[in-house]
Amino acid sequence: QVQLVESGGGLVQPGGSLRLSCAASGFTLDYYAIGWFRQAPGKEREGVSCISSSDGSTYYADSVKGRFTISRDNAKNTVYLQMNSLKPEDTAVYYCATAEGCYSDYDEYDYWGQGTQVTVSS
């Protein structure tokens, strides 16, 4: 059974850090590009970051550049999103998803996790 499971979300103060994990089961992650998306209440889902399968190229939304880092550990079949200098506007449910490449359109992504809540608040 193909499954993606996100973890690592929680409540953090502004300026703090969290590391999200996206663990795969039922398939091998290293054949896929993995994207991280987020959705805040009342807002559309937006792309945050992506890492390709071919050469490990990484992509970031302008709003998170310099603060977030995406990485993958193929031995653990897991992709990570290290989030530093968190801001209240980063509050959202974060999802990981698979695709053949790093696309900006979330409709191009096939498998999705259930999401993990990130709340940045003092």
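Placed above this text is the structure.
The sections below set out a description of the structure shown in this document. (Residues numbered from 1 in each chain as written. Predicted model: local features only at pLDDT ≥ 70, side-chain atom pairs only at ≥ 80, totals over all residues. Heavy atoms only, no water.)

## A closer look at the packing of aromatic side chains
Then, in step 1: Evaluation of the coordinates by the stated rule reveals eight aromatic pairs.
Then, in step 2: Pairing Phe-37 with Tyr-106 gives two aromatic rings, centres 6.5 Å apart and planes at 85°, and the pair type is edge-to-face. Of the two residues, Phe-37 is situated in strand β4 (residues 33–39) and Tyr-106 in the loop between β9 (92–99) and β10 (116–120); the sequence distance between them amounts to 69 residues.
Then, in step 3: Residues Phe-37 and Tyr-109 carry aromatic rings whose centres are separated by 4.8 Å and whose planes lie at 80° to one another, so their mutual orientation is edge-to-face. Of this pair, Phe-37 sits in strand β4 while Tyr-109 sits in the loop between β9 and β10, and the two are 72 residues apart along the sequence. Each of the two residues, Phe-37 as well as Tyr-109, counts as buried.
Then, in step 4: Put simply, the rings of Phe-37, Tyr-95, Tyr-106, Tyr-109 and Trp-112 pair up and form one aromatic cluster. (Phe/Tyr/Trp six-rings, centres within 6.5 Å; stacked < 30°, edge-to-face > 60°. Helix = DSSP H or I, 4+ residues; strand = E, 2+ residues; numbered from the N terminus. Buried < 20%, exposed > 50% of the residue type's maximum accessible area, 1.4 Å probe, protein only.)

## What to know about the side chain of Arg-38
Then, in step 1: Counting through the fold element by element, Arg-38 comes out in strand β4.
Then, in step 2: A distance of 2.6 Å separates the side chain of Arg-38 from the side chain of Glu-46, its partner in a polar contact.
Then, in step 3: A polar contact of 3.4 Å, which involves the side chain of Arg-38, links it to the side chain of Ser-63.
Then, in step 4: Setting aside its immediate chain neighbours within four residues, Arg-38 contacts Glu-44, Arg-45, Glu-46, Val-48, Ser-63, Val-64, Phe-68, Glu-89, Asp-90, Ala-92, Val-93 and Tyr-94. (Polar contact = N/O pair within 3.5 Å; in protein donor to acceptor, adjacent residues only side chain to side chain. Contact = heavy atoms within 4.5 Å.)

## Details of the pairing of strand β7 (residues 68–73)
Then, in step 1: Covered by surrounding structure in β7 are Phe-68, Ile-70 and Arg-72 only, the residues Thr-69, Ser-71 and Asp-73 on the alternate face being uncovered.
Then, in step 2: Bridge count between β7 and strand β8 (residues 78–83): six bridges; the pairing is antiparallel. Note that in β8 the partner of Ser-71 across the bridge is Tyr-80. (Pairing = 2+ DSSP bridges.)

## Thoughts on the sheet that holds strand β6 (residues 58–60)
Backbone-to-backbone hydrogen bonds pair the strands of a sheet. The strands run either parallel or antiparallel.
Then, in step 1: Spatially, six strands are ordered β2-β10-β9-β4-β5-β6 in an open sheet, and the strand pairing comes out mixed. Because the sheet does not close on itself, it has two edges, and the strands there are β2 (10–12) and β6. The mean inter-strand angle of the sheet, taken between neighbouring strand axes irrespective of direction, is 25°.
Then, in step 2: As paired elements, β9 and β10 share three bridges and run antiparallel to each other. Along β10, the bridge assignment pairs Tyr-94 with Thr-116. (Axes fitted to C-alpha atoms, helices over the stretch in contact; angles between N-to-C directions.)

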